[in-house]
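# Summary of structural features
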Amino acid sequence: QVQLVESGGGLVQAGGSTRLSCVASGNMDSINAMGWYRQVPGRQREMVASITITSSSITVYSDAVEGRFTISRDSAKNTLYLQMNSLNPEDTAIYSCAAWRLIDGPSSGAWGQGIQVTVSS
């Protein structure tokens, strides 16, 4: 079983930057993708960025964050990062880390508890 714990976030001014971290523990042998999702109350959860845990490390970003956010992973530390730049109030949400098998998809994977990011105007 995989456990994920997010950290970082908090209150950031518009135009500023912050970095989220997600430490993974447990049996990661079958995991070949990780990513960040976000959710605003009353709205559907949306994918922010994902990365495959393969030799190619393919990254995918939502249109809303492309060019502003960067997903990366430190395999030695079992840690996933999300560098968030040029933040705007529309980025305010609860951000969650996920890890999954590509064959199953993220809904069947492991999820962190989520962490609040608030961008003030």
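Predicted model, so just to flag it, every value in this text is computed and none were measured. (Residues numbered from 1 in each chain as written. Predicted model: local features only at pLDDT ≥ 70, side-chain atom pairs only at ≥ 80, totals over all residues. Heavy atoms only, no water.)

### Topic: the packing of aromatic side chains
Within the structure shown, the criterion is met by two aromatic pairs. Between Tyr37 and Trp100, the aromatic rings sit 6.3 Å apart at their centres with planes inclined by 75 degrees, giving edge-to-face as the arrangement. Taken as a pair, Tyr37 in strand E4 (residues 33-39) and Trp100 in strand E9 (residues 93-100) lie far apart in primary sequence, 63 residues in all. Like Tyr37, the residue Trp100 is buried in the burial classification. Joined through ring pairs, the aromatic side chains of Tyr37, Trp100 and Trp111 make up one cluster. (Phe/Tyr/Trp six-rings, centres within 6.5 Å; stacked < 30°, edge-to-face > 60°. Helix = DSSP H or I, 4+ residues; strand = E, 2+ residues; numbered from the N terminus. Buried < 20%, exposed > 50% of the residue type's maximum accessible area, 1.4 Å probe, protein only.)

### Some points on the state of the cysteines
One covalent bond between the sulfur atoms of two cysteine residues makes up a disulfide. Going through the model one piece at a time under the given rule, you end up with one disulfide. In this model Cys22 forms its disulfide with Cys97; the gap between the sulfur atoms is 2.1 Å. Torsion about the S-S bond of the Cys22 and Cys97 cystine: about -75 degrees, corresponding to left-handed handedness. Note that Cys22 is positioned in strand E3 (residues 18-26) and Cys97 in strand E9, a separation of 75 residues in sequence. Under the relative-accessibility criterion, Cys22 is labelled buried at 0%. (Disulfide = S-S within 2.5 Å.)

### Quick look at the environment of Ile103
Along the chain, the position of Ile103 falls in the loop between E9 and strand E10 (110-111). Here Ile103 falls in the exposed class, since its relative accessible area comes to 74%. Along the chain, Ile103 and Ala33 lie 70 residues apart, while their C-alpha atoms are 9.9 Å from each other.

### Focus on the nonpolar core
Core analysis: the biggest nonpolar cluster contains 29 residues, and Leu4, Met34, Trp36, Leu82 and Tyr95 have the highest contact counts within it. At the level of elements, strand E1 (2-8), E3, E4, strand E5 (46-52), strand E7 (69-74), strand E8 (79-84), E9 and strand E11 (115-120) are the ones that each hand at least two residues to this core. In terms of residue count, the dominant contributor to this core is E9 (four residues). (Core = buried A, V, L, I, M, F, W, Y, C linked by side-chain atoms within 4.5 Å.)

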